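Architecture and fold: a report
Below, each chain spelled out in residue letters.
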Amino acid sequence: MSVTPCLVDIWAEENNRVVRKWKEYEKHPRPPQDVGKRCYTECLKLQQKIQGLPASTEHLKLDLTASYNTLLFSLKYSRPNETQHHLTNSLLRALEAVGAPVSRTDLGTLWQVVLKTFGGTEHQPYIHKLLLIQWAIWLSECHFEGILQLLQQTNPEKITPSGDLLAEIRNLTFSIQEDTSLLVAMAAKDLKDLLHICTFMSKGVEQMKKEDYTEAVLAFQEATALFSPRALLAHIHTLTGLSFTKLGRPQSALQCYRKALEVDFSCQRALYQSSLVYRQLGNSHAEIEALHLLHSAALLRTEGHSSSLPVSLISPDMLLGSEQMTYIIQVPTPIQILHSLAHKCVLNDRQVYGHQHNQEFYMTKESFLFLLEMNSEGAEFYLDLLASLQSDSRPHVPMSVDLPFPRIPIIYLEAAFAVLKAKRFWDALAICDEVIVKTVDLVPERLLLEPHHQSDSPTELAAMVLESDAMEEKLDCVLWSGAAYFLQGHAYLQLRDTKEALSSFTRAINQLVKVCIKQKRNALGESGDSDSKVVTLEALKGRTFASRGVCFAERGQLKEALRDFQLSHQASSGCRNTEMWLVETLWRLDRKKEAAAVWQQHSTCSPTPVDLPLYLQTWQEDATLLDPNSLKKKMDQFIHSCGDSTVT
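What counts and what doesn't
Residues numbered from 1 in each chain as written. Predicted model: local features only at pLDDT ≥ 70, side-chain atom pairs only at ≥ 80, totals over all residues. Heavy atoms only, no water. Helix = DSSP H or I, 4+ residues; strand = E, 2+ residues; numbered from the N terminus. Buried < 20%, exposed > 50% of the residue type's maximum accessible area, 1.4 Å probe, protein only. Contact = heavy atoms within 4.5 Å. pLDDT = per-residue confidence, 0-100. Phe/Tyr/Trp six-rings, centres within 6.5 Å; stacked < 30°, edge-to-face > 60°. Lys NZ or Arg CZ within 6 Å of the ring centre and 35° of its normal. Expected span 1.5 Å × (residues − 1). 1 Å grid on protein atoms, 1.4 Å probe; cavity = no way out; pocket = protein on both sides within 12 Å on 5 of 7 lines; lining within 4 Å. Points joined across faces, edges and corners; volume = space filled by probe spheres on them. Nonpolar A, V, L, I, M, F, W, Y, C, P; charged D, E, K, R; others polar. Salt bridge = Lys/Arg side-chain N within 4 Å of Asp/Glu carboxyl O. Arc of directions from axis to C-beta. Axes fitted to C-alpha atoms, helices over the stretch in contact; angles between N-to-C directions. Parallel < 35°, antiparallel > 145°, perpendicular 65-115°, else oblique. Left-handed = near helix turned anticlockwise from the far one by under 90°. Polar contact = N/O pair within 3.5 Å; in protein donor to acceptor, adjacent residues only side chain to side chain.

**Observations regarding the overall build of the protein**
A count of helices and strands for the protein gives 27 helices and two strands. Counting the 648 residues in the protein, one finds 51% classified as buried. For the protein, the proportion of contacts with a sequence separation of at least 24, taken over those separated by at least 6, is 69%.

Right, dumping it as structure tokens:
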């Protein structure tokens, strides 16, 4: 049966019309999804018309071109197995057209027969277009072995002895000349170049997952030498920087992140990784600036601002696959970024103060102004964060293990601490009230923490895990409510309302003493997280007793103050400020020799550093802090006047 030239021309024109329609819409930044799907449907209908006739070399070029266009749209709008099914049928039909033996064998053998049959013929460029589709399918599935075998069959005389896929791609020669009479939705050269760079990129990611970062750097550096879209090149620079970070070369990593941002300033991963490197290097100013920029970029993306560049039919996201892309572009959500920014601003203030306090020199005017700015900025960021959490369009609260996010009550406590530092005492009281109201009904009357006994029974182990989880949740509620009352006490203390401060600190103590720790360490089993909560509980209890002691001292109730400072020391020893208050109180009670003995005992001991939550840190204008210099001078003079033997 012969197909008339008229029919071939009609189908060719129909193919070209569909492609021109897509090309027109492809120029838009975000072409409507239904346009692409309509083009796909029209391509499928055209392919069905052509394949309704027996396969023939007379219209094989049109047949293969229509198949190529259909498969391009299928890559975008269908599942990989459907695309593979269409591709296999197209290859079998091509063999049938030239009278070659056709059998449904494995894909590797089928491609070997097809490439051998059409090698050196006028149809070879059209077959190579379909080969690119196969490459794309396997790349999205990370089937590198299949890609290697496929490319080796394309150039059997240039097979790389080492069997290295990247080396095979470097030596690849393709016959992909375009037929101007038959339009294609994506030029074969453009697809080949994209596959080239994405394969290098994907192999680099695989090397990173294997922790072979040196090989990953080599793959990424070679990929950067290839022509690629700006966004993709920025991701490659970012991945190179990640590899350098893992190799312990932070400065090289920063150079890569700068290159990524020069190519595409909206590359959020580069900004995020830059902030992490600056944190590693201890450059707080640069880290905060990077977080600022990252937060702005995340807000722009959230508000729907998009690139004005046209969108290609086949994107790197499709070729690299969802798993690879998740690894490549993983960044915190806007709410995580805002929390990191707020936390860092508040913590940076504490770090500057802590450094100056340890070195015992006075703060310059510039440093003081900087701290005020950090205080105010951190407080504002935390208030923005609370507003986001309370808004009607409540943001997604992430639960990623790689990018952890604190529990909501912890964020409220951190916010209360931030506004307290910024001298917004009534705001701090209101925020703490929110925590208290939400946790008051969840605090147990009594909570006994004791180690679990080992058990080999899976049922008993599961029950122990559930019991431990419930125990931790109760402990969390005690910690949160106790910390909220503790911060309220400090707010009232700053307002010079010692009566209300006493009441708040007493409420905090009443919450905290509900927990009885039978064994101080590993009270909840082997969980390090649980152990840290017990340490936090002890520290909070100690600081609350000490803070209430300061209130009593301010009110002249020195015996009560002494009792609380002693209880504080018992609950959490090693707090230098509590030890100084204990000395000061004994001195005011005219028990000067006892004060001197305590001073000598503790002045020779170095406090053990404890990693505490942000909301339990000290700050520059904490009303409970004593001046160590004046106390030291007073005690040294007394000890010198009495003589060491008299004191001891």
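Structure's up, so let's keep going.
**Observations concerning the confidence of the model for the protein**
Predicted coordinates in regions of low pLDDT should not be interpreted in detail. Of all residues in the protein, 82% attain a pLDDT of 70 or more, and the chain-wide mean is 82. Confidence scores differ between elements of the protein, with helix α27 (residues 644-647) showing the lowest mean pLDDT of 54 and helix α12 (residues 250-263) the highest of 95. Here residues 350-372 is a poorly scored stretch, pLDDT under 50, and it has 24 contacts once near neighbours within four places are set aside; other chains count. Counted against residues more than four places away or in other chains, residues 521-527, with its pLDDT under 50, gives 19 contacts.

**A few points about the packing of aromatic side chains**
Aromatic rings considered in pairs are described by the distance between their centres and by the relative angle of their planes. Scanning the entire structure with this criterion turns up four aromatic pairs. Between Phe486 and Phe505, the aromatic rings sit 6.1 Å apart at their centres with planes inclined by 55°, giving tilted as the arrangement. Here Phe486 is found in helix α20 (residues 458-494), whereas its partner Phe505 is found in helix α21 (residues 498-512), with 19 residues between them in sequence. Given the relative accessible area of 6%, Phe486 is considered buried. With a relative accessible area of 0%, Phe505 lands in the buried category. Between Trp587 and Phe638 the ring centres are 5.4 Å apart and the planes differ by 90°, which places this aromatic pair in the edge-to-face class. Taken together, the residues Trp587 in helix α24 (residues 576-588) and Phe638 in helix α26 (residues 628-642) connect sequence positions 51 residues apart. What makes Phe638 buried here is its relative accessible area of 15%. Here the basic side chain of Lys203 rests over the ring of Phe144, its NZ or CZ set 5.0 Å away from the ring centre. Across the ring face of Trp599, the terminal group of Arg576 is positioned such that the distance to the ring centre comes to 5.1 Å.

**Describing α21**
Over its 15 residues, α21 extends 21 Å from the first C-alpha to the last, a length consistent with the 21 Å expected when each residue adds 1.5 Å. Along α21, the positions that sit buried rather than exposed are Thr498, Ala501, Leu502, Ser504, Phe505, Ala508, Ile509, Gln511 and Leu512.

**Details of empty space enclosed by the protein**
Under the criterion given, the structure shown has one cavity of 30 Å³ or more. If you trace the largest cavity, you find it lined by Thr65, Tyr126, Lys129, Glu178, Asp179, Leu182 and Val184. In the lining of the largest cavity, the residues fall into three nonpolar, one polar and three charged.

**A few points about the pattern of salt bridges**
Pairing between side chains of opposite charge can happen when their charged atoms approach one another. On inspection of all chains with the given rule, the structure shows 26 salt bridges. Arg93 serves as the salt-bridge partner of Asp63, at 2.4 Å between the closest nitrogen and oxygen. Highlighted residues: Asp63 in helix α3 (residues 60-77) and Arg93 in helix α4 (residues 80-97), separated in sequence by 30 residues. Among the ionic pairs, Asp564 bridges to Arg548, the shortest N-O distance being 2.7 Å. In this pair, Asp564 is assigned in helix α23 (residues 558-571) and Arg548 in helix α22 (residues 528-554), connecting sequence segments 16 residues apart. Exposure remark for Asp564: the relative accessible area of 0% places this residue in the buried category.

**Let's talk about helix α5 (residues 107-118)**
Between its first and last C-alpha, α5 extends 16 Å over twelve residues, near the 16 Å set by a 1.5 Å rise per residue. Among all positions of α5, only Leu110, Trp111, Val114, Leu115 and Phe118 are buried. Viewed end-on, α5 has its buried residues packed into an arc of 125°, placing them on one side of the element. In the core, the buried residues of α5 are packed alongside α3, α4, α6 (124-140) and α7 (144-154). Gly120 occupies a position one or two residues after α5 and carries a positive phi of about 80°.

**Let's talk about the environment of Asp9**
Turning to its location among the elements, Asp9 is positioned in helix α1 (residues 5-26). Using a relative accessible area of 52% as the deciding quantity, one classes Asp9 as exposed. Sequence spacing of Asp9 and Ser181 is 172 residues, and the spatial spacing of their C-alpha atoms is 9.8 Å.

**Section: the environment of Pro54**
Along the chain, Pro54 turns up in the loop between α2 (33-51) and α3. According to the relative accessible area criterion, Pro54 is exposed, its value standing at 53%. For the pair formed by Pro54 and Ala97, sequence separation is 43 residues and the distance between their alpha carbons is 7.9 Å. Beyond its immediate sequence surroundings of up to four residues, Pro54 is in contact with His59 and Arg93.

**Some details on the packing of helix α18 (residues 408-421) against helix α19 (residues 425-439)**
At a minimum axis separation of 8 Å, α18 and α19 run at an interaxial angle of 165°. It follows that α18 is roughly antiparallel to α19 by the angle criterion. As for the relative orientation of α18 and α19, their crossing is left-handed in sense. Here Pro409, Tyr412, Leu413, Ala415, Ala416, Val419 and Leu420 of α18 lie close against α19, whose contacting residues are Phe425, Asp427, Ala428, Ile431, Cys432, Glu434 and Val435.

**Examining the environment of Ala100**
Within the secondary structure, Ala100 sits in the loop between α4 and α5. For Ala100, a relative accessible area of 15% translates into the label buried. Taking the C-alpha atoms as reference, Ala100 lies 7.7 Å from Thr117; in sequence the two are 17 residues apart.

**Digging into the side chain of Thr65**
Checked against the element boundaries, Thr65 lands in helix α3. Within polar-contact distance, the side chain of Thr65 engages the backbone oxygen of Lys61 at 2.8 Å. Excluding its chain neighbours within four sequence positions, the residues that come into contact with Thr65 are Asn15, Tyr126, Leu182, Leu183 and Val184.

**Section: the side chain of Ser547**
The topology assignment puts Ser547 in helix α22. Side chain to side chain, Ser547 and His490 meet in a polar contact 3.2 Å long. Contacts of Ser547, omitting those with residues within four sequence positions, involve Phe486, His490, Phe505 and Thr624.

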